[in-house]
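Observations on chain architecture
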Amino acid sequence: WVGLEDEQINPPKYLLEPFILENLPNVIFGDPGTLKSTLALTLASILLLNKHDNTLGLIPDGQDIRTLYLDWEVDYKTLKWQLFRLQNGMNLPPILISYRHCHLPLAQDVEQIQQHIEKSKANLIIIDSLGPACGGELKEAQPALELFRAIRRLNISSLMLAHTSRDKEAKVKGIYGSVFFEAQARNVWEVRKVQEAGEDEMDIALFHTKPPPFAKKHRPMSFHFQFETDKMSIESRDPKSVPEFVERMGNNTRILNLLKDGALEPKEIAETLSINPASVRTSLKRLTAKNLVVKVGDRYGLLSKF
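Residues numbered from 1 in each chain as written. Predicted model: local features only at pLDDT ≥ 70, side-chain atom pairs only at ≥ 80, totals over all residues. Heavy atoms only, no water.

What follows deals with helix 8 (residues 251-259). Within the span of helix 8, buried status applies to Arg 254, Ile 255, Leu 256, Asn 257, Leu 258 and Leu 259. For helix 8, the secondary structure elements touched by its buried residues are helix 7 (243-246), helix 9 (266-273), helix 10 (277-289), strand 13 (293-296) and strand 14 (299-302). (Buried < 20%, exposed > 50% of the residue type's maximum accessible area, 1.4 Å probe, protein only. Helix = DSSP H or I, 4+ residues; strand = E, 2+ residues; numbered from the N terminus. Contact = heavy atoms within 4.5 Å.)

Dropping the structure here:
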């Protein structure tokens, strides 16, 4: 029975808001080379060190969270090198993350993984990555359902890294494989990158594609990576500062960003942003009601700082 009497009712918790819900499956997906593994290590470091003053602007919940990294992608030496670069570039104390080299599908290895969780006293598992951890044909429902049943059996917070659907030109993408990967996850983020060839820096942005059932979609978040041979630094960045990321945002945000350069007529906004005129009018109506834009004659301009 689930009742409301004689019991304190608390909202669900985040280990690290907005990316990792406690005791529930979370997913970050994206194309190869979007630094998903590096980002996951960074989040694990923030949780372990309980760093409220981190340069990503993320706030841990106050616990010292230990992570078990379940690796189907690379090896211990590679992961250790990435941790060293992160630690060196961010001036961090030693980062201790438990590691397990995996080769069997998670559902077939759940007893051994449970033992590793208990031995390492982990509060969080990182699954890198969802495809090989799942095993089988990813577009079929059964392997996906078996994976999530195994994760539920482990009864631990989880962050899964996954690849994106194959259509690289699609504006809206999804996790590659069965629809159940997204359906069973409670919190899903897509990561995209911008990097010029030969550059030692990269911008990534994360877009909230599926919020928890008790929350609304979070605003996009962006991080800037700077690389050296033995160092790597990361800091938060306004995603609206990168044009490629603005194109991925909603109409309201794109219109506000455009109007920073001056007032425009709805027709001009529609043509510049390649948005349906009716959608532009709807967005302008909403933005006007929120006192973000004002109509002067036939044009709309910013009313407050965006």
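Here the narrative resumes.
With that out of the way, let us pick up the pattern of salt bridges. Taken as a whole and assessed by the stated rule, the structure comprises 6 salt bridges. Among the salt bridges present, the one from Arg 100 reaches Asp 109, with a minimum N-O distance of 2.5 Å. With a relative accessible area of 7%, Asp 109 lands in the buried category. Here Arg 153 ties to Glu 111 by a salt bridge, and the two come within 3.2 Å at their closest N and O atoms. With Arg 153 in helix 5 (residues 141-154) and Glu 111 in helix 3 (residues 110-120), this residue pair connects regions lying 42 residues apart in the sequence. Residue Arg 153 is classed as exposed on the basis of its relative accessible area of 54%. (Salt bridge = Lys/Arg side-chain N within 4 Å of Asp/Glu carboxyl O.)

Another aspect to go through is the sheet that holds strand 4 (residues 59-60). Read from one edge of the open sheet, 3 strands run 2-1-4, paired in antiparallel fashion. Each end of this open sheet is capped by a strand with a single partner; those strands are strand 2 (20-21) and strand 4. Judged from the 2 bridges that link them, strand 1 (residues 14-17) and strand 2 form a sheet pairing that is antiparallel. Its bridge partner lying in strand 2, Leu 16 is registered against Ile 20. Here helix 1 (residues 36-49) sits on the sheet in contact with strand 1, strand 2 and strand 4, set at roughly 120° to strand 1. (Pairing = 2+ DSSP bridges. Axes fitted to C-alpha atoms, helices over the stretch in contact; angles between N-to-C directions.)

This brings us to the nonpolar core. Core analysis: the biggest nonpolar cluster contains 40 residues, and Phe 19, Ile 28, Leu 43, Leu 159, Ile 204, Leu 206 and Phe 223 have the highest contact counts within it. For this core, the element with the highest residue contribution is helix 1, accounting for 8 residues. Residue contacts for Phe 223: discarding those within four places in its chain leaves Phe 19, Leu 39, Leu 56, Met 202, Asp 203, Ile 204, Leu 206, Ile 234, Glu 235, Ser 236 and Arg 237. Residues Leu 106, Ile 113, Ile 156 and Ile 175 belong to the second largest nonpolar core, which totals 31 residues. (Core = buried A, V, L, I, M, F, W, Y, C linked by side-chain atoms within 4.5 Å.)

Let us now look at the sheet that holds strand 10 (residues 201-210). Spatially, 6-5-7-8-3-9-10-11-12 is the arrangement adopted by the 9 strands of the open sheet, whose pairing is mixed. Of all strands in the sheet, those with a lone pairing partner are strand 6 (98-101) and strand 12 (232-237), marking the two edges. Within the sheet, the average angular offset between the axes of one strand and its neighbour, ignoring direction, is 20°. Contacting strand 5 (67-71), strand 6, strand 11 (221-227) and strand 12, helix 2 (residues 76-89) runs over the sheet at an angle of about 65° to strand 12. On top of the sheet, helix 3 reaches strand 5, strand 6 and strand 7 (124-128); it is set at about 150° to strand 5, its chief contact.

Bringing unusual backbone geometry into the picture now. With the exception of glycine, most residues fall at negative phi, and the peptide bonds are largely trans. Of note, the amide linkage connecting Glu 17 to Pro 18 takes the cis form, showing an omega dihedral of 10°. Mapped onto the elements of the fold, Pro 18 is located in the loop between strand 1 and strand 2. With an omega of 5°, the peptide bond between Asp 128 and Ser 129 qualifies as cis. As for its position among the elements, Ser 129 is in the loop between strand 7 and helix 4 (130-134). Phi angles above zero are rare outside glycine, and Ser 274 is one such case at about 55°. Tracing the sequence through the fold places Ser 274 in the loop between helix 9 and helix 10.

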